Amino acid sequence: MTATIDFQTETYRDAYSRINAIVIEGEQEAYNNYMQLGEFLPEQKENLAKLAKMEDRHKKGFIACGKNLNVVPDMEFAKLFFSSLHGNFQKAIQEGGLVTCLLIQSLIIECFAIAAYNIYIPVADPFARKITEGVIKDEYLHLNFGEEWLKANFATSKAELEVANRQNLPLVWKMLNQVAKDAKVLGMEKEALVEDFMIQYGESLGNIGFNTREIMKMSAMGLIP
Ligand code: Y39
Ligand code: FE
Ligand code: FE
Ligand code: FE
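Residues numbered from 1 in each chain as written. Chains lettered and ligands numbered in written order. Predicted model: local features only at pLDDT ≥ 70, side-chain atom pairs only at ≥ 80, totals over all residues. Heavy atoms only, no water.

### With respect to the coordination of the iron ion (ligand 2)
Reference values for angles at a metal are 109.5 degrees in the four-donor tetrahedral case and 90 or 180 degrees in the six-donor octahedral case. For the iron ion (ligand 2), the protein coordination sphere consists of E27 (OE), E27 (OE), E55 (OE), H58 (ND1) and E139 (OE), at 2.0 to 2.8 Å. Around the iron ion (ligand 2) sit 6 donor atoms; with metal-centred angles ranging over 52 to 175°, the donor geometry is irregular. Sequence spacing among the residues donating to the iron ion (ligand 2) works out to E-x27-E-x2-H-x80-E. Taken as a pair, the iron ion (ligand 2) and the iron ion (ligand 3) lie 3.4 Å from each other and share E55 as a ligand. (Donors = N, O, S within 2.8 Å, 3.2 Å for Na, K, Ca; no water. Tetrahedral: all angles 85-135°; square planar, octahedral: opposite > 155°, others 65-115°.)

As structure tokens, then:
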């Protein structure tokens, strides 16, 4: 039994103008990030360009979702929303921190996207639901790309992963708090988002090679302020 949501109220469309913008901006930044990662990993360049292309498709899909509801996305808000994570990614690119870049984009951001899209699908309008169902399949592929690379290079990446996790995961919890109210208007509960993120992220860290104790410590980093 799902409560009916009126997708045309001013309140819904106002909240949507921010959440929709975040997703559009996130997809754009994900495109840029995968293209930049391609410069680091020449042997994966073609594959990464394919992932980037998917992100570009996702962005177009979500732009259509906003248009469908007559919403103008608040892109200024969205840019600000991603600025700290974006800054950390660019800094890592500059310093040659490939492992940090992969943790930020392919693990943290992808898990954040998967959690958000999973929780959004059951409460989305029919148009956006179809789009989001198509998108989320790709996000699992993106997460898998990061997992595979980091798993194959676990021994040499482990220390950098722990540092990068400590620097970046707290930002995600802050970001989640910033949009919790808007997400709730769309029918998405913060607790559900946190839970789904923790499950995805913990599973990924396990796939890469971290043990249960390490996973617990890493995934709760910054959760309680
Ligand atoms: O890899 C991707 O496609 C990820 C960039 C997209 C990010 C989506 C960010 C979703 C956060 C939404 C928060 C809603 C509560
Ligand atoms: Fe995407
Ligand atoms: Fe993605
Ligand atoms: Fe999985």
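Moving on from the model shown.
### Details of the site of ligand 1
Close to ligand 1 lie 16 residues; G26, E27, E55, E110 and E139 are nearest. E27 places a polar side-chain atom, nitrogen or oxygen, 2.6 Å from an oxygen atom of ligand 1. Measuring from an oxygen atom of ligand 1, one finds a side-chain N or O atom of E55 at 2.9 Å. For ligand 1, whose unbound accessible area comes to 440 Å², protein coverage reaches 99%. Ranked by the residues each element gives to the shell around ligand 1, the list is headed by helix α4 (residues 98-120), at 7 residues. When the residues that make up the shell around ligand 1 are grouped by side-chain class, the tally is 10 nonpolar, 2 polar and 4 charged. (Near = heavy atom within 4 Å. Polar contact = N/O pair within 3.5 Å; in protein donor to acceptor, adjacent residues only side chain to side chain. Areas by Shrake-Rupley, 256 points an atom, 1.4 Å probe, with all protein chains shown as cover. Helix = DSSP H or I, 4+ residues; strand = E, 2+ residues; numbered from the N terminus. Nonpolar A, V, L, I, M, F, W, Y, C, P; charged D, E, K, R; others polar.)

### Examining the nonpolar core
Within the largest apolar cluster, 76 residues are counted, with the highest numbers of intra-cluster contacts made by Y16, Y120, M188, F197 and Y201. For this core, the secondary structure elements donating two or more residues are α1 (10-40), α2 (45-68), α3 (75-95), α4, α5 (126-152), α6 (154-185), α7 (190-208) and α8 (212-219). For this core, the leading source of residues is α4, giving 18 residues. When neighbours within four sequence positions are excluded, Y201 is seen to be in contact with L103, L107, I108, C111, N165, L169 and S219. (Core = buried A, V, L, I, M, F, W, Y, C linked by side-chain atoms within 4.5 Å. Buried < 20%, exposed > 50% of the residue type's maximum accessible area, 1.4 Å probe, protein only. Contact = heavy atoms within 4.5 Å.)

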